[in-house]
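Chain by chain, the residues run as shown.
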Amino acid sequence: MSTFDGLVGNEPALGILSRALSSGDISHAYLFHGPPASARRRRRGGSGRRSSGRGRSRRGPRAQGPPPGPHDRGAGGALHHDRADPGGGAARDEPAVRGARRVFVLRANTLNVQAANALLKTLEEPEGGAVFLLLAVSLESVLPTIVSRAQSIRFNPVPREEVVSFLLARGYGEDEARLAASLGRGSVGLSLRYAAEGELRELREAVLGAGFLFSANFEERARAVEALVARAEEVGAAREREVLAGYEDGPDRRAKDAAKRLGRAARDGAVAEALELLALLYRDAAVSAAGAGELVANTDRVGEIRARVEEHRGADWGGAARILREAGEGLQYNVPPEAILEVALSRTRRKILG
């Protein structure tokens, strides 16, 4: 059985990693880069960058010491995982684990200057069996000196038909599979989440409810934003519950703290996804206005989108979509999601109404 069995798409990238594992010639640093399916990629999301990192983790000597948390159990206890500090710092400094190959997973394009410089020094003088898996949306978003010290591997969005076939094989219906594949935007994991997770589908419904409130008064728009944030909070709460449920003997304080961090990350990811979904909705309106309705991603809302386009002839749908994509940058600076959403929706309203 191949280490990467079960992963869909990106065969060239997986081939490189498979050969490295087979030969034992594993680099001390890999830079996985490619367009994210959504901002700040969440569990099971992305174009395969994180999943492939987990695949690599299945090889190596068994770690001694405390077992990994439930989110690391796919590694079979083979490696010790560390992650970047949410504030942009470097990986946590923890005691070495005897006999383990330690893996540090970092978002390379979000590191602050101090963290990037510390990482560069570490990459210049690697120690022991440490392996760094660096994630980035593009090579240009990472310091050139870091790029030059890591093996770059490109991951591309998985073609929609491959994702549809994957979902059909898992028992989902044709319409359900095609909608989920469209919403996943090249990510097998995100597509599967749209097919399987009620919380994410509810988030999308809240987005669709807020996206066309152009004529609503301020109070109505504020309630729509509250609904969006509430749905994002539920995504985070569900993630926290999932992590805690993985501890058979009950979680200790450290496990609870880790679960809270993962829950907050999932919540922030859901807010980012809401912005992406809003941008996708306006992108759908733009292609519909251009007469390319077959390119609409929200395949279950084609009629409603077409009606809105007819209602607002001359609207700058493309400009509205760009505003939403730019708004996600505020999440990196701890701007409250309510403020980000309210400002973004107000700006897009002006793009639509003129």
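Residues numbered from 1 in each chain as written. Predicted model: local features only at pLDDT ≥ 70, side-chain atom pairs only at ≥ 80, totals over all residues. Heavy atoms only, no water.

For the protein, the name recorded in an unreviewed UniProt entry is DNA polymerase III subunit delta, with Rubrobacter marinus as its organism.

1. Describing the overall build of the protein
A tally of helices and strands in the protein yields 13 helices and five strands. When contacts within the protein are restricted to residue pairs at least 6 apart in sequence, those whose partners lie at least 24 apart make up 66%. A total of about 17300 Å² of accessible surface is found on the protein, and carbon and sulfur atoms cover 49% of it. (Helix = DSSP H or I, 4+ residues; strand = E, 2+ residues; numbered from the N terminus. Contact = heavy atoms within 4.5 Å. Areas by Shrake-Rupley, 256 points an atom, 1.4 Å probe, with all protein chains shown as cover.)

2. A short note on the nonpolar core
Membership of the largest hydrophobic core comes to 59 residues, with the highest contact counts inside it found for Leu167, Tyr282 and Trp317. By residue number, the principal contributor to this core is helix α10 (residues 253-289), which donates 13 residues. Composition of this core by domain shows at least three residues from each of domain 2 (159-196) and domain 3 (197-353). Setting aside its immediate chain neighbours within four residues, tryptophan 317 contacts Phe212, Phe214, Tyr282, Ala285, Ala286, Ala289, Arg308, Val309, His312 and Ile352. In this structure, Phe104, Ala115, Leu123 and Val142 belong to the second largest nonpolar core, which totals 18 residues. (Core = buried A, V, L, I, M, F, W, Y, C linked by side-chain atoms within 4.5 Å. Buried < 20%, exposed > 50% of the residue type's maximum accessible area, 1.4 Å probe, protein only. Domains from an automatic or database assignment.)

3. With respect to the pairing of strand β1 (residues 29-33)
In terms of residue burial, β1 counts as a mostly covered element, since five of its five residues are buried. Side chains Ala29, Leu31 and His33 project from β1 onto one buried face, and the interleaved Tyr30 and Phe32 project onto a second face that is buried too. Inspection of the sheet shows β1 paired to strand β4 (residues 131-136) by five bridges, in the parallel sense. The partner of leucine 31 across the bridge, within β4, is leucine 134. (Pairing = 2+ DSSP bridges.)

4. Some remarks on the pattern of salt bridges
For the structure shown, the criterion picks out 18 salt bridges. A salt bridge links arginine 313 to glutamate 310; its shortest N-O distance comes to 2.4 Å. A cluster of three or more residues bridged by salt bridges with shared partners is formed by Arg204, Glu205, Asp300, Arg301 and Glu304. (Salt bridge = Lys/Arg side-chain N within 4 Å of Asp/Glu carboxyl O.)

5. Concerning the environment of arginine 349
Mapping arginine 349 onto the fold places it in helix α13 (residues 337-353). Residues arginine 349 and leucine 213, spaced 136 residues apart in sequence, show a C-alpha to C-alpha distance of 8.2 Å. Discounting chain neighbours no more than four positions away, the residues touching arginine 349 are Phe214, Ser215, Ala216, Arg221 and Gly354.

6. A word on the pairing of β4
In terms of burial, β4 is largely enclosed, as six of its six residues are buried. Along β4, one buried face is formed by Val131, Leu133 and Leu135 and the opposite face, lined by Phe132, Leu134 and Ala136, is buried too.

7. Considering the packing of α10 against helix α11 (residues 302-311)
Axis separation between α10 and α11 bottoms out at 9 Å; the angle between their running directions is 70°. Comparing their axes, α11 and α10 come out roughly perpendicular. As α10 packs across α11, the resulting crossing turns out to be right-handed. Facing α10, whose interface residues are Leu281, Asp284, Ala285, Ser288 and Ala289, α11 presents Ile305, Arg306 and Val309. (Axes fitted to C-alpha atoms, helices over the stretch in contact; angles between N-to-C directions. Parallel < 35°, antiparallel > 145°, perpendicular 65-115°, else oblique. Left-handed = near helix turned anticlockwise from the far one by under 90°.)

8. Digging into the packing of aromatic side chains
Taken as a whole, this structure holds eight aromatic pairs when the rule is applied. Here phenylalanine 212 and phenylalanine 214 contribute two aromatic rings whose centre-to-centre distance is 5.8 Å and whose plane-to-plane angle is 70°, an arrangement assigned as edge-to-face. The two residues phenylalanine 212 and phenylalanine 214 agree in class, both being buried. Between phenylalanine 214 and tryptophan 317 the ring centres are 6.0 Å apart and the planes differ by 55°, which places this aromatic pair in the tilted class. Taken together, the positions of phenylalanine 214 in the loop between α8 (198-211) and α9 (218-245) and tryptophan 317 in helix α12 (residues 317-327) put the pair 103 residues apart, joining distant regions of the chain. One exposure class covers both phenylalanine 214 and tryptophan 317, and it is buried. In this structure an aromatic cluster arises from ring pairing among Phe212, Phe214, Tyr282 and Trp317. (Phe/Tyr/Trp six-rings, centres within 6.5 Å; stacked < 30°, edge-to-face > 60°.)

9. A look at unusual backbone geometry
Positive phi outside glycine occurs at arginine 185, with the angle close to 55°. With respect to the helices and strands, the residue arginine 185 is situated in the loop between α6 (174-184) and α7 (188-196).

10. A look at the side chain of asparagine 298
Positionally, asparagine 298 belongs in the loop between α10 and α11. Assessed through its relative accessible area of 3%, asparagine 298 is described here as buried. Only 3.1 Å separates the side chain of asparagine 298 from the side chain of arginine 204, close enough to count as a polar contact. (Polar contact = N/O pair within 3.5 Å; in protein donor to acceptor, adjacent residues only side chain to side chain.)

11. Digging into the environment of alanine 315
For alanine 315, the location among the structural elements is in the loop between α11 and α12. Residue alanine 315 is classed as buried on the basis of its relative accessible area, which comes to 14%. Sequence-wise, alanine 315 and alanine 289 are 26 residues apart; in three dimensions their C-alpha atoms are separated by 9.3 Å. Other than its neighbours up to four places away in sequence, alanine 315 contacts Lys351 and Ile352.

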